[in-house]
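# Breakdown of the fold
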Amino acid sequence: MFESILDIFRKRKIRKHISNVPTGFIPLDKITTVNVVIDVEEPGFDLLKDEIMAWGKRNGLKVSIYFFDFRKLGKDELLLTSINTTILKKELDWLGTPDFSKAGPLLSDQSDLFISMVDNGSFPIEFLSKCSKASFKIGRCGFEGHAYDMIFSGSQAEESKPDSRQIFSAITEFLTKIK
């Protein structure tokens, strides 16, 4: 019962903030700005972050990376990422919407490309994906209403499931083929 009520309010929140920017495939040479969302709990996220930044530098792109860190941190544990670009679980409202002080730049920035490296269908990533004003959107998990222009999901079998770095490599390889 509570879940269905929550769904109604979530859909209403998305409708209120959804992007009206037309999306579609854009060739890499027409892309100048990229927003990427990474889950800190993903194995090797720091290597992925470095690869994304290096790819951006090689291609002359302005890359902004945002992080989801929903781990329960102990008193002596520190964040692994910048507090300004990291969305914490305690910063979500009761619907699961990220705090606009952190997500605002991502949502208001009219970037050319939005890439979600988050491999789950949670509401926070659905909200960011649907409300981002990017012209080309790539993700790893589909949502009702087609938030992405392209989805890279990999294999469903856990033992052969590719890691985020392999998925990002496939994304960048595909981007070079768009003409």
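Read on for an overview of the structure. (Residues numbered from 1 in each chain as written. Predicted model: local features only at pLDDT ≥ 70, side-chain atom pairs only at ≥ 80, totals over all residues. Heavy atoms only, no water.)

### Observations concerning helix α3 (residues 100-108)
This is how the line gets drawn: Here the term buried applies to any residue with accessible area under 20% of the maximum for its type, exposed to any over 50%, and partly exposed to those in between, with areas from a 1.4 Å probe on protein chains only. Helical segments are the DSSP runs of H or I of at least four residues, strand segments are the runs of E of at least two, and each set is numbered from the N terminus. A contact between two residues is defined here by any heavy atoms of the two lying within 4.5 Å.
Those residues of α3 that fall on the buried side of the exposure criterion are Lys102, Ala103, Gly104, Leu106 and Leu107. Packing partners of the buried residues in α3 comprise β1 (33-39), β2 (62-69), β3 (86-88), β4 (113-116) and α4 (123-131).

### A few points about the side chain of Ser111
Definition in use: Distance and chemistry together define a polar contact, namely a pair of N or O atoms within 3.5 Å, with one atom able to donate a hydrogen and the other to accept it when in protein, and with adjacent residues in sequence counting only for side-chain atoms on both sides.
Counting through the fold element by element, Ser111 comes out in the loop between α3 and β4. We classify Ser111 as buried; its relative accessible area is 0%. Polar contacts involving the side chain of Ser111 include one to the side chain of Asn35, which spans 3.4 Å. A distance of 3.5 Å separates a polar side-chain atom of Ser111 from the backbone oxygen of Leu113. With residues near it in sequence (within four places) discarded, Ser111 still touches Thr33, Asn35, Lys133, Ala134 and Ser135.

### Side note on the environment of Ile65
Residue position: Ile65 is located in strand β2. Taking the C-alpha atoms as reference points, Ile65 and Glu51, 14 residues apart in sequence, are found 12 Å from one another. Those residues in contact with Ile65 that sit more than four places away from it in its chain are Val36, Ile38, Lys49, Ile52, Met53 and Thr85.

Function-wise, these values are silent; they only describe arrangement.
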